[in-house]
Amino acid sequence: MCGIVGIVGASAVNQRLYDALTVLQHRGQDAAGIATFSNEGELCVRKGSGLVRDVFQQHHMLELKGNVGIGHVRYPTAGCDSASGRSRFMSTPRTASVSPTTATSPTPPSSPRS
């Protein structure tokens, strides 16, 4: 199980992402991560093991610059014991994504039959 939140804003999103992750903490207490995209085009990432309040300190939050960001909390998957496997933020020079190990989507309602 995991929780994911994304924000595109007119101002900095780091604090709003942090606040949203604390609300989603029940969806995952093993690890947390935030990635933001700065106005200078830099991808800023902080991730770690533990509760949201333990992963993000004030100096980490100051480094998460930008008006666009995504946050993630998760429970561990079977066999996952390394820090690299906990928050799956991946990036290349032009893209960034979050890949939760397990995710479920609601089933769309069936269309009425005539």
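Keep in mind it's a predicted model, so treat the numbers as computed, not measured.

### Focus on the packing of aromatic side chains
Here the distance between the centres and the angle between the planes together describe a pair of aromatic rings. Inspection of every chain in the model, using the stated rule, returns one aromatic pair. Look at Tyr18 and Phe56: their rings are 6.2 Å apart centre to centre, the planes differ by 85°, and that puts the pair in the edge-to-face class. One end of the pair, Tyr18, is in helix H1 (residues 14-23); the other, Phe56, is in the loop between helix H2 (52-55) and helix H3 (58-63), and 38 residues separate them in sequence. Accessibility expressed as a relative area gives 4% for Phe56, which makes it buried.

### So, the sheet that holds strand E4 (residues 68-74)
Hydrogen bonds along the backbone pair up the strands of a sheet, which may run parallel or antiparallel. Read across the open sheet, the four strands follow the order E1-E4-E2-E3; overall the sheet is antiparallel. Every other strand in the sheet has two partners, leaving strand E1 (2-8) and strand E3 (43-49) as the edge strands with one partner each. Strand-to-strand twist of the sheet, defined as the mean angle between neighbouring strand axes without regard to direction, takes the value 5°.

### Points about the environment of Cys44
Here Cys44 is to be found in strand E3. The spacing of Cys44 and Gly66 is 22 residues in sequence and 8.5 Å in space, taken between C-alpha atoms. Once residues lying within four places of it in the same chain are set aside, the contact partners of Cys44 are Ile34, Ala35, Thr36, Ser38, Glu63, Leu64 and Lys65.

### A word on the nonpolar core
Among the nonpolar cores identified, the biggest contains 16 residues, and Leu21, Val52 and Phe56 are the most heavily contacted of them. Of all the secondary structure elements, the ones that give two or more residues to this core are E1, H1, strand E2 (31-37) and H2. Leave out the neighbours within four places in its chain, and Phe56 touches Tyr18, Leu21, Ala32, Gly33, Ile34, Arg46, Met61 and Leu64.

### Focus: the pattern of salt bridges
In total, this model carries one salt bridge according to the counting rule given. Put simply, Arg53 and Asp54 hold a salt bridge, and the shortest N to O gap is 3.9 Å. On the accessibility criterion, Arg53 (57% relative accessible area) is exposed.

### Focus: the pairing of E4
Here E4 lies mainly inside the structure; five of its seven residues are buried. As paired elements, E2 and E4 share seven bridges and run antiparallel to each other. Bridging across to E4, Gly33 finds its partner in His72.

### Concerning the environment of Gly71
Along the chain, Gly71 falls in strand E4. Here Gly71 falls in the buried class, since its relative accessible area comes to 0%. For the pair Gly71 and Val45, spaced 26 residues apart in the sequence, the C-alpha separation amounts to 9.8 Å. Among all residues touching Gly71, those that are not within four sequence positions of it are Gly3, Ile4, Val5, Leu17, Leu21, Gly33 and Ile34.

Cut-offs and rules
Residues numbered from 1 in each chain as written. Predicted model: local features only at pLDDT ≥ 70, side-chain atom pairs only at ≥ 80, totals over all residues. Heavy atoms only, no water. Phe/Tyr/Trp six-rings, centres within 6.5 Å; stacked < 30°, edge-to-face > 60°. Helix = DSSP H or I, 4+ residues; strand = E, 2+ residues; numbered from the N terminus. Buried < 20%, exposed > 50% of the residue type's maximum accessible area, 1.4 Å probe, protein only. Pairing = 2+ DSSP bridges. Axes fitted to C-alpha atoms, helices over the stretch in contact; angles between N-to-C directions. Contact = heavy atoms within 4.5 Å. Core = buried A, V, L, I, M, F, W, Y, C linked by side-chain atoms within 4.5 Å. Salt bridge = Lys/Arg side-chain N within 4 Å of Asp/Glu carboxyl O.

Purely geometric stuff here, so don't read any function into it on its own.
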